[in-house]
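Tertiary structure, described
If you want the building blocks of each chain, they are given just below.
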Amino acid sequence: MRGLYISICLMHFVILSNITIFDGEWNGITMWLCTGIFIVATALFISTNKKYKKQNN
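The following paragraphs examine the structure supplied in this document. (Residues numbered from 1 in each chain as written. Predicted model: local features only at pLDDT ≥ 70, side-chain atom pairs only at ≥ 80, totals over all residues. Heavy atoms only, no water.)

1. Side note on the packing of aromatic side chains
The final tally for this structure, using the stated rule, is one aromatic pair. The interplanar angle of 10° and the centroid separation of 4.3 Å between the aromatic rings of Phe22 and Trp26 together place this pair among those described as stacked. Given the relative accessible area of 41%, Trp26 is considered partly exposed. (Phe/Tyr/Trp six-rings, centres within 6.5 Å; stacked < 30°, edge-to-face > 60°. Buried < 20%, exposed > 50% of the residue type's maximum accessible area, 1.4 Å probe, protein only.)

Here you go:
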């Protein structure tokens, strides 16, 4: 669960820095970075969830 929180914080940092530092000029790159972070976080969540379910069965 900590990994999901870290990935959400990272996604918000990417979006915030795009808006404040780059004045929204890199919207496409920002969205691709956030999508990549989301996919990695989802894979980690699924992996952790499967391990947790195996331990409890």
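2. Examining the side chain of Thr30
Summarising the element assignment, Thr30 is placed in helix 2 (residues 27-56). Classification of Thr30 by relative accessible area gives buried; the value is 6%. Polar contacts involving the side chain of Thr30 include one to the side chain of Asn18, which spans 3.3 Å. Setting aside anything within four residues of it in sequence, one finds Thr30 in contact with Val14, Ile15 and Asn18. (Helix = DSSP H or I, 4+ residues; strand = E, 2+ residues; numbered from the N terminus. Polar contact = N/O pair within 3.5 Å; in protein donor to acceptor, adjacent residues only side chain to side chain. Contact = heavy atoms within 4.5 Å.)

3. Points about helix 1 (residues 2-20)
Over its 19 residues, helix 1 runs 27 Å from end to end, which matches the ideal 27 Å to within 8%, given 1.5 Å per residue. Considering only its buried residues, helix 1 is in contact with helix 2. (Expected span 1.5 Å × (residues − 1).)

4. Looking at the environment of Cys9
Its place among the elements puts Cys9 in helix 1. C-alpha of Cys9 to C-alpha of Tyr52: the two residues are 43 residues apart in sequence and 24 Å apart in space.

5. Considerations on the environment of Lys50
Tracing the chain through its elements places Lys50 in helix 2. Overall, Lys50 belongs to the exposed group, its relative accessible area being 55%. In the structure, Lys50 is positioned 23 residues away from Asn27 in sequence and 35 Å away in space, judged by C-alpha atoms.

6. A short note on helix 2
Between the first and last C-alpha of helix 2 there are 43 Å, a value that for 30 residues agrees with the 44 Å anticipated at 1.5 Å per step. Looking only at helix 2, the buried set comprises Thr30, Cys34, Ile37 and Ala41. Residues of helix 2 that are buried make contact with helix 1.

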